[in-house]
Amino acid sequence: MSRVVLGIAGASGAALGLATARHLVAIGAEIDLVISAAAERTLLEECGADALDQITAMATNYHERGNIGASIASGSAPVDGMIVAPCSMRSLAAIANGLDDNLLTRAAGVQLKERRKLVLLTREAPLTLAHLRNMTQATEMGAIILPPVPAFYMLPETLDQVVDQIAARAVDLLRIAPPIALDWKG
C-alpha cells in the first residue's frame, strides 16, 4: 500500500486538496495530511463548513502543522511522495529556500532531500519574478511544478470535472498506481 503526504496550503483552490484526497483514497493510498492555518480558512470559505471534517476523515493520519516531531518530518518515514494542493506562493518560497518553519514545509523539504516525488500545485496569477525564481529553484531541487491549469482539450462541462482532472494528474505524477487522469485520445 502506498503512503502519501498531502499538504494543503492557503492559496485559493482548496477544492484541489479535497479532490486529491478523494483520488488517493480511491487508489487505496494512505494519506498523511497536514493543513496550513490559511488553508483551514480557505477550505471553509471555498468548500463549506464541513470541508475540514471531510478531508480529515479521508486521512489515515492527520498531523498538526506545528508538530515538527511528526513522523513525516523525518526521512525515515516510509512515504512514496507528497502533493501540496494547492500550494501558496508563501509555501513555495519556504520550500524553495529550505525554510522548514512548519510541518507542511518541513515534510516537503524531506521529500526533496530523500529524492522522492514532490508535486506542487502552485496557485497564483499573475506571477512575479520572485514566484518564477522560486518555481525554478524548487524544480532544480527535484520538485514538480503543476499549476492547476484546465485541460480545455478534454472539453470539461463543470468546474468539478476540471478540478478532478487536475487532481488526478497530480496523483498520476507520483506513479504509485495505474494512471487515473483522463487521457487525450487524439
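The numbers attached to residues start from 1 for each chain and follow its sequence in the written order. In view of the model being predicted, local features appear only for residues whose pLDDT reaches at least 70, and side-chain atom pairs are presented and counted only at 80 or more, with totals across whole chains, interfaces and linings using the full set of residues. With hydrogens and water excluded, all non-hydrogen atoms of the structure serve as input to the side-chain values.

**Quick notes on the UniProt feature "binding site: dimethylallyl phosphate" (unreviewed entry) in the chain**
For step 1, the next point in the chain: UniProt positions are given in the numbering used here, feature names are shortened, and annotations may be inferred rather than shown by experiment. When the UniProt feature table is mapped onto this chain numbering, "binding site: dimethylallyl phosphate" (unreviewed entry) sits at Y153 and R169.
For step 2, the next point in the chain: Examined against the element boundaries, Y153 turns out to sit in the loop between β6 (144-145) and α7 (159-174).
For step 3, the next point in the chain: The residue R169 is located in helix α7 in this model.
For step 4, the next point in the chain: By the convention used here, residues are in contact when the closest approach between their heavy atoms is within 4.5 Å. Sequence-distant contacts of R169, that is, excluding residues within four places in its chain, are made with L146 and A181. In this description a helix means any DSSP run of H or I spanning at least four residues, a strand means any run of E spanning at least two, and both kinds are numbered starting from the N terminus.

**Observations regarding the UniProt feature "domain: Flavoprotein" (unreviewed entry) in the chain**
For step 1, the next point in the chain: Per the UniProt entry, the sites bearing "domain: Flavoprotein" (unreviewed entry) are residues 3-171 in this numbering.
For step 2, the next point in the chain: Here residues 3-171 is 45% helix and 18% strand, with 12 Å between the C-alpha atoms at its ends.

**Digging into helix α6 (residues 129-140)**
For step 1, the next point in the chain: Multiplying one less than the number of residues by 1.5 Å gives the expected span of a helix. Taking 1.5 Å per residue, 12 residues should reach 16 Å; α6 reaches 16 Å between its end C-alpha atoms and fits that length.
For step 2, the next point in the chain: Listed as buried for α6 are H131, N134, M135 and A138. Taken down its axis, α6 places every buried residue within 100° of arc, on the same side. Residues L129, R133 and E140 are exposed on α6 and point more than 90 degrees away from its buried face.
For step 3, the next point in the chain: Contacts made by the buried residues of α6 are with α4 (89-96), β5 (117-122) and β6. Burial classes: relative accessible area under 20% of the type maximum marks a residue as buried, over 50% as exposed, and values in between as partly exposed (1.4 Å probe, protein chains only). The arc in question is formed by the directions pointing from the helix axis toward the C-beta atoms.

**Looking at the pattern of salt bridges**
For step 1, the next point in the chain: We count a salt bridge whenever a side-chain nitrogen from Lys or Arg sits within 4 Å of a carboxyl oxygen from Asp or Glu. Evaluated as defined, the whole model comprises 8 salt bridges.
For step 2, the next point in the chain: The closest approach of N and O atoms between D32 and R3, which form a salt bridge, is 2.6 Å. Taken as a pair, D32 in strand β2 (residues 30-35) and R3 in strand β1 (residues 3-8) lie far apart in primary sequence, 29 residues in all. As far as the burial class goes, D32 and R3 line up, both buried.

**Description of the packing of aromatic side chains**
For step 1, the next point in the chain: Stacked, tilted and edge-to-face are the three classes applied to pairs of Phe, Tyr and Trp rings, where Trp contributes its six-membered ring and a pair requires centres within 6.5 Å; stacked means planes under 30 degrees apart, edge-to-face means over 60, and tilted covers the rest. Throughout the structure, instances matching the rule amount to 1 aromatic pair.
For step 2, the next point in the chain: Consider the rings of Y153 and W184, whose centres lie 5.4 Å apart with planes at 90°: the pair is edge-to-face. Taken together, the residues Y153 in the loop between β6 and α7 and W184 in the segment after α7 connect sequence positions 31 residues apart.
For step 3, the next point in the chain: The class for W184 is exposed, based on a relative accessible area of 56%.

**So, unusual backbone geometry**
For step 1, the next point in the chain: At the junction of A85 and P86, the peptide bond is cis and its omega measures out at -5° in the coordinates.
For step 2, the next point in the chain: Tracing the sequence through the fold places P86 in strand β4 (residues 81-87).
For step 3, the next point in the chain: Across the junction of A125 and P126, the peptide omega takes the value -10°, indicating a cis bond.
For step 4, the next point in the chain: Structurally, P126 is set in the loop between β5 and α6.
For step 5, the next point in the chain: Within the chain, R115 stands out as a residue other than glycine whose phi angle is a positive 60°.

**Side note on helix α5 (residues 103-113)**
For step 1, the next point in the chain: Of all 11 residues in α5, 9 are buried; the element is thus mostly enclosed.
For step 2, the next point in the chain: Residues of α5 that are buried include every one of L103, L104, T105, A107, A108, G109, V110, Q111 and L112, and no others.
For step 3, the next point in the chain: Along its buried surface, α5 packs onto β1, β2, β3 (61-63), β4, α4 and β5.
For step 4, the next point in the chain: Measuring from the backbone nitrogen of L104 back to the side-chain oxygen at the start of α5 gives 2.9 Å, which picks out N102 as the cap. Distance and chemistry together define a polar contact, namely a pair of N or O atoms within 3.5 Å, with one atom able to donate a hydrogen and the other to accept it when in protein, and with adjacent residues in sequence counting only for side-chain atoms on both sides.

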